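The residues making up each chain are set out below.
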Amino acid sequence: MNSRLLWTAFVTIVVKEIRRFTRIWVQTLLPPAITMTLYFIIFGNLIGSRIGDMGGFDYMEYIVPGLIMMSVITNSYGNVVSSFFGTKFQRNIEELLVSPVPNWIILAGYVIGGATRGLMVGFIVTLLSLFFTKLQINHLFITITVVLLTAILFSLGGFINAVYAKTFDDIAIVPTFILTPLTYLGGVFYSIQLLPGFWQGVSQLNPILYMVNSFRYGILGVSDIDIGFAFAMIIGFIVVLGGVAIHLLNTGKGIRE
């Protein structure tokens, strides 16, 4: 396929994925906005008023970057895992795999579609947060880069989950038992500096900690971890998951089974 056909195939998949979740925006974009608003009210206003400052910032201001990142993570992941598994479950994936479209174009289309939903929800949550606190971005490039990389990373994770899933119950296992605990323990609601030394070390094994803190650094200018190392971790995970996803597409493992 020449470059024009490759671009057409890529855009077609991306547009299909975007239309998929925008067509039912009441189910895909509205619920995360309501959920995050409740987080702002309960954790930020009610509980935050009793906690006081954290990291030199008002508690509401401190947790907003983490809540934005949490919405990006869950929606990027959820969009791809549900979409690709649905395609596989309905046996439509065979038509795509036997087409002359390269596997990396297929993967890129699904990933960009998932990342778009994650970024859209993140933008909505950011706008909602302005009703509760003031946001002043300290490092715009870092803020944009880390949220984009995170959306791509968890879109890849959702793709891999969808490949291995055999039933609709399987696509809920990873978000429920792995993704959600890691997110809540990833420094969204607290600074790991509050933890004893041992648990600070344990927390640093959590990859989401690096994403949340990098994003918080971009907005507030404070972080519990080294930003350079955090970016290296995020990019490293993207390379690994991207390689796994391409390998699964090339071999058909889990897809044709």
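Model, not experiment: these values are computed from the prediction. Residue indices begin from 1 for each chain and proceed along its sequence in written order. Thresholds applied to this predicted model are a pLDDT of at least 70 for local features of residues and 80 or more for the giving and counting of side-chain atom pairs; totals over whole chains, interfaces and linings are not thresholded and use all residues. To get the side-chain values, take all heavy atoms of the structure and skip hydrogens and water.

### Re the nonpolar core
Part 1 of the argument: Counting 76 residues, the largest nonpolar core has L67, F84, Y110, F154, F159 and F189 as the members making the most contacts within it.
Part 2 of the argument: If you tally residues by element for this core, the top one is helix 4 (residues 59–89), at 16 residues. The definition of a nonpolar core used throughout is a set of buried Ala, Val, Leu, Ile, Met, Phe, Trp, Tyr and Cys residues joined through side-chain atoms within 4.5 Å. Relative accessibility decides the category of a residue: with a 1.4 Å probe and only protein chains considered, values under 20% of the type maximum give buried, values over 50% give exposed, and everything between is partly exposed. Working definition: helices are DSSP H or I runs of at least four residues, strands are E runs of at least two. Numbering for both runs from the N terminus.

### A look at the UniProt feature "transmembrane region" (unreviewed entry) in the chain
Part 1 of the argument: UniProt positions are given in the numbering used here, feature names are shortened, and annotations may be inferred rather than shown by experiment. The feature "transmembrane region" (unreviewed entry), as given by UniProt, occupies residues 30–47, 59–78, 104–128, 140–165, 171–192 and 229–249 in the numbering adopted here.
Part 2 of the argument: Helix makes up 100% of residues 104–128 and strand makes up 0%, while its end C-alpha atoms are separated by 36 Å.
Part 3 of the argument: For the annotated span residues 171–192, helix accounts for 64% and strand for 0% of the residues, and the straight-line distance between the end C-alpha atoms is 30 Å.

### Here's the deal with the pattern of salt bridges
Part 1 of the argument: Should a side-chain nitrogen of Lys or Arg be within 4 Å of a carboxyl oxygen of Asp or Glu, the pair is scored as a salt bridge. For the structure shown, the criterion picks out one salt bridge.
Part 2 of the argument: Here E17 makes a salt bridge to K16, at a shortest N to O gap of 2.7 Å.
Part 3 of the argument: Among the residues examined, K16 registers a relative accessible area of 38% and is labelled partly exposed.

### Overview of helix 1 (residues 3–22)
Part 1 of the argument: One less than the number of residues in a helix, times 1.5 Å, gives the span that helix is expected to have. Spanning 20 residues, helix 1 covers 28 Å between terminal C-alpha atoms, matching the ideal 28 Å at 1.5 Å per step.
Part 2 of the argument: Those residues of helix 1 lying buried are L6, A9, F10, I13, V14, E17 and F21. The buried residues of helix 1 occupy an angular sector of 120° when the element is viewed end-on, so they sit on one face. Opposite the packed face of helix 1, turned more than 90 degrees from it, sit the exposed residues R4, W7 and R19.
Part 3 of the argument: Where helix 1 is buried, its residues meet helix 2 (25–28), helix 4 and helix 6 (103–129).
Part 4 of the argument: Sitting at the head of helix 1, N2 places a side-chain oxygen 3.1 Å from the backbone nitrogen of R4. Arc definition: directions from the helix axis to the C-beta atoms. Contact definition: two residues touch when any of their heavy atoms are within 4.5 Å. Counted as a polar contact is a pair of N or O atoms within 3.5 Å, where, for protein atoms, one must be capable of donating a hydrogen and the other of accepting one, and residues adjacent in sequence contribute only when both atoms are in side chains.

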